Amino acid sequence: MTVTNFLYEGETCQGQFHGEGVAHFEGGHMYKGMFSQGLMHGRGVYTWTDGVKYEGEFVSNVPMGRGVYTWLDGSSYDGDVYNAIRHGIGTHRGATTSVVYRGQWHCGKRHGEGTVYYNQDGTSWYKGGWVNNNREGWGVRCYPSGNIYQGEWKDNLRHGEGTMRWLKLGQQYDGTWQNGVQHGQGADTWFLWRVDSSQFQQRNEYRGGFIQGQRHGHGTFYYAGGGMYRGEWKNNKKHGQGKFTFKNGKIFEGEFVDDDTTDLGRFLQCLPGPDNDPSGLVPDMALVMGSLLEKIPKRRRDAERKQVECVIRRHNAELRSIYSFYSRRGRAPSPDNTFLLSRLQFWRLLKDCNVHRHGITLTQMDRFISSDVLTPDIPPEEVHSPFTTMLLYRLVSCLVAVAYRIYHQDTVSPKDILASCFSKLMTDDILPNAKNVKGFVFSHPDRAVVAASYTERCWEIFQSFCTAHTAPLADRAATNRHLVWLFKDLRLFDEKLTTRRFLEVITAENLDAGNLSNCNLDLEITFLEFFEALLGCAELKCQQAGKSRQT
């Protein structure tokens, strides 16, 4: 900043400008503030002839330190200044656009971490990384519509790994982006709400390849009604070789062209019959037994399957009723009165029937089911997800796998072992106990409705506490000890919720619930057990608070 040829009015010391003063420079610029040994030094105000003004700290004639720039159009900057330019931490406010940026600056540009608000009411904003005035790195963008993206950016565009949620469309994409559009591997999900606003969502979901925002390459589409297509895609359409699994368990494999099959006759033969109940156990339903049958000698497999199907037919009415009962837990009535069973509800069925008291946890059951009856089409991250849905035929297949894991060592004869185990499970565990709902989530309808609104957020917290981060995704699980740590970190333990009362909550459904000395904090838990522990502790705190108010 040139300071030659100026007029000075103010304090001096030993013949030099020192103290408060006013300097009028050639060209009409003016400075008013502190001087030291003939230089502008300290706090002052410098006004250029074009109206630009700086008010703040000076060091040896240079704006340096903390200051405020104000431009003629009304825009301003308030923050750190280095060598007369914005550098450090500061806030820039636009004059007419209501744009406000708060964050880091480098050499006059937004650079580093910062937040920008694009409108006056603060509904449109970005918070994250910047490089040379562009959004770059990791950041969160909330749009005026309420849609939100969180992930990686490059040159102001979504680029890299990220998640976009379209609220009004009920859609979410989680995966790779390139130049602002979905490109690479990702998962696109459409959440479907029933017209009566039932609390638990159903969804269509695609997992696989994308090119320029369209499904392209190899991918799997999961339909809300229970069907599934796995194969090749082109420009958002099924195109190439693929396998379509219908809701009745039948499978069509063949070639697709522009969403249509080239073998329509064989495709139609696989369609479900006139019974439109997606949970229906139809006579020709294909049980999914996967590697479970491989435990049986090859020459006995057909006979073993027939014996299992015989036991299923014997309990057909009860299985239908149980599926219908649990799939409705936590949901309001619907016009068509049909729902798909979620894994959260499946876990509740197993706990109600005391299956977890056979020395096997729900988490272990998930892994057994995954290895015994699930197909490679099921992504690893779906194994422990409470939102995964299943049709009746898959529920029955899962129960057969659970029965084998519990009772196969107690079976005297290896002949018809799957049928014997399943029959014992039905007779001793399922039929005497099903529909006697326990726990904190589904036992009270009103509570279930309120709890549903917290399910997704609690699922995110649960996932963050999962262990074995280097293990395959399907093997990750949280433990009771993680739950204790969570409560300690959040300082939730107090005179109302002691550690003893906490242990009573998490062991309430154990076989020896009263013996807290046998509580295993390293026992793996599913999301159901995590969620019900939170609800149980919340209820305990509310009860204690109510008693305190009464006294």
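Look above for the structure.
Here the structure is a predicted model, which is why all the values come from computation and not from measurement.

Basis of the calculations
Residues numbered from 1 in each chain as written. Predicted model: local features only at pLDDT ≥ 70, side-chain atom pairs only at ≥ 80, totals over all residues. Heavy atoms only, no water. Core = buried A, V, L, I, M, F, W, Y, C linked by side-chain atoms within 4.5 Å. Buried < 20%, exposed > 50% of the residue type's maximum accessible area, 1.4 Å probe, protein only. Helix = DSSP H or I, 4+ residues; strand = E, 2+ residues; numbered from the N terminus. Contact = heavy atoms within 4.5 Å. Salt bridge = Lys/Arg side-chain N within 4 Å of Asp/Glu carboxyl O. Axes fitted to C-alpha atoms, helices over the stretch in contact; angles between N-to-C directions. Parallel < 35°, antiparallel > 145°, perpendicular 65-115°, else oblique. Nonpolar A, V, L, I, M, F, W, Y, C, P; charged D, E, K, R; others polar. Arc of directions from axis to C-beta. Left-handed = near helix turned anticlockwise from the far one by under 90°. Phe/Tyr/Trp six-rings, centres within 6.5 Å; stacked < 30°, edge-to-face > 60°.

**Student:** How would you explain the nonpolar core if you had to name every residue and give the values?
**Tutor:** F346, L395, L399, F422 and F527 are the most contacted members of the largest nonpolar core, which totals 76 residues. In terms of residue count, helix α6 (residues 392-407) provides more of this core than any other element does, 13 residues in total. Among residues more than four places away in sequence, those in contact with F527 are L344, W347, P386, T455, C458, W459 and F462. Among the nonpolar cores identified, the runner-up in size contains 35 residues, and M40, V52, Y101 and W177 belong to it.

**Student:** Describe the pattern of salt bridges, and please don't skip the residues or the numbers.
**Tutor:** Overall, the coordinates contain 16 salt bridges when judged by the stated rule. In this structure, D366 and R343 form a salt bridge, with 3.1 Å as the shortest nitrogen-oxygen distance. Taken together, the residues span a long stretch of sequence, with D366 in helix α5 (residues 362-372) and R343 in helix α4 (residues 343-352) at a distance of 23 residues. As far as burial versus exposure is concerned, D366 and R343 are alike and both buried. Between K424 and D428 there is a salt bridge, with the nearest N and O atoms lying 2.8 Å from each other. Pair noted here: K424 and D428 are both in helix α7 (residues 417-433), with a separation of four residues, about one helical turn.

**Student:** Quick rundown of the packing of helix α3 (residues 316-327) against α6? Include the residues and the values.
**Tutor:** α6 packs onto α3 with a crossing angle of 110° between their chain directions and a minimal axis gap of 11 Å. The angle between α3 and α6 places the two elements in the roughly perpendicular class. Across the interface between the two elements, L319, R320 and Y323 of α3 pack against L392, L395, V396 and L399 of α6. The class makeup of the residues in the contact of α3 with α6 is six nonpolar, no polar and one charged.

**Student:** Describe helix α11 (residues 499-506), naming the residues involved and giving the relevant values.
**Tutor:** Those residues of α11 not exposed but buried are F502, V505 and I506. Relative to the axis of α11, the buried residues are bounded by an arc of 90° and lie together on one face.

**Student:** Give me the lowdown on the packing of α4 against α6, citing residues and values where you can.
**Tutor:** Helix-helix packing: each pair is described by the crossing angle between the helix axes and the interaxial distance. Closest axis-to-axis distance for the α4/α6 pair is 12 Å, and the angle between their directions is 40°. Between α4 and α6, the crossing angle belongs to the class labelled oblique. Relative to α6, the crossing made by α4 is right-handed. For the pair formed by α4 and α6, the contact residues are F346, L349 and L350 on the first element and L395, C398 and L399 on the second. When its residues are assigned to classes, the contact of α4 with α6 shows six nonpolar, no polar and no charged.

**Student:** So what's going on with the side chain of S423? Residues and values would help.
**Tutor:** With respect to the helices and strands, S423 occurs in helix α7. For S423, a relative accessible area of 19% puts it in the buried group. Discounting residues that sit within four places of it in the chain, S423 has contacts with V311 and R314.

**Student:** So what about the environment of Y223? Which residues, and what values?
**Tutor:** One can find Y223 in the loop between β18 (214-222) and β19 (228-234). Note on Y223: relative accessible area 27%, which makes it partly exposed. Measuring from C-alpha to C-alpha, the distance between Y223 and K247 comes to 9.3 Å, with 24 residues separating the pair along the chain. Apart from the residues lying within four places of it in its own chain, the contact partners of Y223 are R203, N204, M228, Y229, K238 and F244.

**Student:** Quick one: what's the story with the packing of aromatic side chains, residue by residue and with numbers?
**Tutor:** Evaluation of the coordinates by the stated rule reveals 39 aromatic pairs. With 5.1 Å between their ring centres and 90° between their planes, Y173 and W177 make a pair best called edge-to-face. For Y173, a relative accessible area of 0% puts it in the buried group. Look at W177 and you get buried, because its relative accessible area is 2%.

**Student:** Pulling in residues and values, what's your account of unusual backbone geometry?
**Tutor:** Outside of glycine, negative phi angles account for most residues, and trans bonds account for most peptide bonds. With a phi close to 75°, N133 is a non-glycine residue in the positive phi region. Following the sequence through the fold, N133 ends up in the loop between β11 (125-131) and β12 (134-142). Located in the positive-phi region is D416, a residue other than glycine, with phi close to 55°. Positionally, D416 belongs in the loop between α6 and α7.

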